[in-house]
Amino acid sequence: MSVTSRDVGAPPQPEGEGALRGTANSARLAARVLATLPREEKDRGLGAWADAIEGGDAEILASNALDLETASAEGASRAVLDRLRLDGMRIREMAEQIRHVASLEDPVGSVIDARMLDNGLRLEKVTVPIGVIGVIYEGRPNVTVDAASLAVKSGNAVLLRGSRTAERSNACLVRILREGWRDAHLPFEAVQAVPPTRQASEAMMRARGMIDLLIPRGGADLIQTVVRESQVPVIETGVGNCHVYVDAHADLEKALRILINAKVQRPGVCNAAETLLVHRDVADAFVPQALSALADHGVEVFGDPEIRRRSPAGMDVQPATDADFLTEFLDLKIAAKVVDTLEEALEHIETFGSRHTDAIVSEDLQAVRRFVAAVDSAAVMVNASTRFTDGGEFGMGAEIGISTQKLHARGPMALPELTTYKWVVWGSGQVRA
């Protein structure tokens, strides 16, 4: 049987700023309904989504196959193709993440502070949804489902502007979610796709008063463009120039295992390691085995002179430049450097890092405490892979992004980070003198 565009979810038609206003207004109306829904209703809707995703797997895979075919023909890198690719396991994981989000406590309506004033007024600081959230993202169709499930569980509507690379996959997923909520008699306009065009992105960035918060997820160019040009409040999600520092007192077997996992397990994501720093005291023992292991996994290394001097015979290590140390490769590539001291490692991370995730491998508690205190990143790993910086791995169910800024959220953002608060004041007729 042939697959039609309707079967795979035709991408949304281009729309301008006026059409976005209509989309945002309908999302705002849906958000008003969501904000007052009890947890049971939201969880029932999320359960319907999970079932719909699993039931629509053939349709989703057909959409994704067309996106993969197009991306491959256009010369997309293997990292891009890996982020784009869906299979049966990834679809099942999406459904299970939706169910996990449904199992979490409702973040709306919690009293996070309460006090009684001398005049008898009772003050309560209560969590409430943000409203309408816009997400501009690249490449990964699972973001569509993660963002939608976290948004509605926290009482928010969401506008999803995915990439052209994944437009068929995203359109299919959004249609399945919307139909699932329509069938469950819930406000299906809480989740809407925005066309993957520059005009749509610009309209979202100008939609102050219609969109309450904008979250960019993708490469440095996308994130900086949104941060620089948006009139809507933005949470800056991070470029992941993540470091693994092997200290003078590291367990080298442990260090090798952590390095390979951090770099190789999934190189095209933001929490993969991009730079290896090795203390001089262990460089002779560690660098040759690390380079050999990286080479066995097809990793290209860009090293400083001390790394290159210790490379195994016949191994081609490219000279590293400052540009390499600044690069988020998102590929089977890594920069490497030998440092004389822990302080030099800290200075390197401060100079070249992106404040996403950085790891130390060390059995010296004093060195660990110094690293944890000095590294100004959203997540600091001690004797563990950088790959653990993830909402799902942190037990949050999913994430809508990883914030590298300090206000109002930092690190993986899930349900609590998608709420704000308001003050509710209970009185009995008091007036101010």
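Scroll up for the structure.
Computed from a predicted structure; not experimentally measured.

Draft legend 1. The overall build of the chain, seen in detail. Counting secondary structure elements, the chain contains 16 helices and 16 strands. What you see for the chain is a C-alpha radius of gyration of 24 Å, in line with the 22 Å of a compact globule of 433 residues. Here the C-alpha coordinates of the chain stretch approximately 75 × 75 × 35 Å along the principal axes. Partitioning the intrachain contacts of the chain with sequence separation of at least 6 by distance along the chain shows that 74% fall at a separation of at least 24. With an accessible surface of roughly 18800 Å², the chain has 50% of that area assigned to carbon and sulfur atoms. Distance from the positive charge centre (47 side chains) to the negative charge centre (61 side chains) of the chain: 5 Å.

Draft legend 2. Layout of the packing of helix α6 (residues 88-103) against helix α7 (residues 142-153). The contact between α6 and α7 brings their axes to 10 Å, and the two run at 15°. Classed by the angle they form, the pair α6 and α7 counts as roughly parallel. For the crossing formed where α6 meets α7, the hand is right-handed. The residues of α7 that touch α6, namely those facing Met94, Gln97, Ile98, Val101 and Ala102, are Asn142, Val145, Asp146, Ser149, Leu150 and Lys153. Taken together, the residues of the contact of α6 with α7 break down into six nonpolar, three polar and two charged.

Draft legend 3. Structural detail: helix α8 (residues 167-183). Compared with an ideal rise of 1.5 Å per residue, which puts 17 residues at 24 Å, α8 spans 24 Å between its outermost C-alpha atoms and is within 8% of the ideal. Burial runs high along α8: 12 of the 17 residues are buried. Among the residues of α8, Ser169, Asn170, Ala171, Cys172, Leu173, Val174, Arg175, Ile176, Leu177, Arg178, Gly180 and Trp181 are the ones counted as buried. Remark: His185 follows α8 within two positions and exhibits a positive phi of approximately 60°.

Draft legend 4. The arrangement of the environment of Val33 in detail. By the secondary structure assignment, Val33 is in helix α2 (residues 17-34). Using a relative accessible area of 39% as the deciding quantity, one classes Val33 as partly exposed. For the pair Val33 and Gly268, spaced 235 residues apart in sequence, the C-alpha separation works out to 38 Å.

Draft legend 5. Summary view of the packing of helix α3 (residues 39-55) against α8. Contact geometry of α3 with α8 gives a least axis separation of 9 Å together with a crossing angle of 135°. Here α3 lies oblique to α8, going by the angle between them. As α3 runs across α8, the sense of the crossing is right-handed. In contact with Lys42, Gly45, Leu46, Ala48, Trp49, Ala52 and Ile53 of α3, α8 contributes Leu173, Ile176, Leu177, Gly180 and Trp181. Each residue belonging to the contact of α3 with α8 can be placed in one class, and the counts come to nine nonpolar, two polar and one charged.

Draft legend 6. Molecular detail of the side chain of Asn241. With respect to the helices and strands, Asn241 occurs in the loop between α10 (220-229) and β7 (242-246). Taking relative accessible area as the criterion, Asn241 reaches 2% and is therefore assigned buried. Of note is the side chain of Asn241, whose polar atom sits 2.9 Å from the backbone oxygen of Phe325. If we ignore the near neighbours within four places in the chain, the residues touching Asn241 are Glu274, Thr275, Phe325, Leu326, Thr327, Phe352, Gly353, Ser354 and Asp358.

Draft legend 7. Representation of the sheet that holds strand β13 (residues 379-382). The strand order across the open sheet built from seven strands is β10-β9-β11-β8-β7-β12-β13, with neighbouring strands paired in parallel fashion. Two strands in the sheet have a free side with no partner beyond their single neighbour: β10 (318-319) and β13. Across the sheet, helix α11 (residues 252-264) touches β7, β8 (273-279), β11 (333-339) and β12 (357-361), and the angle it forms with β8 is around 160°. Across the sheet, helix α12 (residues 280-296) touches β7, β8, β9 (300-303) and β11, and the angle it forms with β8 is around 145°.

What counts and what doesn't
Residues numbered from 1 in each chain as written. Predicted model: local features only at pLDDT ≥ 70, side-chain atom pairs only at ≥ 80, totals over all residues. Heavy atoms only, no water. Helix = DSSP H or I, 4+ residues; strand = E, 2+ residues; numbered from the N terminus. Rg over C-alpha atoms; globule rule 2.2 N^0.38 Å. Contact = heavy atoms within 4.5 Å. Areas by Shrake-Rupley, 256 points an atom, 1.4 Å probe, with all protein chains shown as cover. Lys, Arg positive; Asp, Glu negative; His and termini not counted. Charge placed at Lys NZ, Arg CZ, Asp CG, Glu CD. Axes fitted to C-alpha atoms, helices over the stretch in contact; angles between N-to-C directions. Parallel < 35°, antiparallel > 145°, perpendicular 65-115°, else oblique. Left-handed = near helix turned anticlockwise from the far one by under 90°. Nonpolar A, V, L, I, M, F, W, Y, C, P; charged D, E, K, R; others polar. Expected span 1.5 Å × (residues − 1). Buried < 20%, exposed > 50% of the residue type's maximum accessible area, 1.4 Å probe, protein only. Polar contact = N/O pair within 3.5 Å; in protein donor to acceptor, adjacent residues only side chain to side chain. Pairing = 2+ DSSP bridges.

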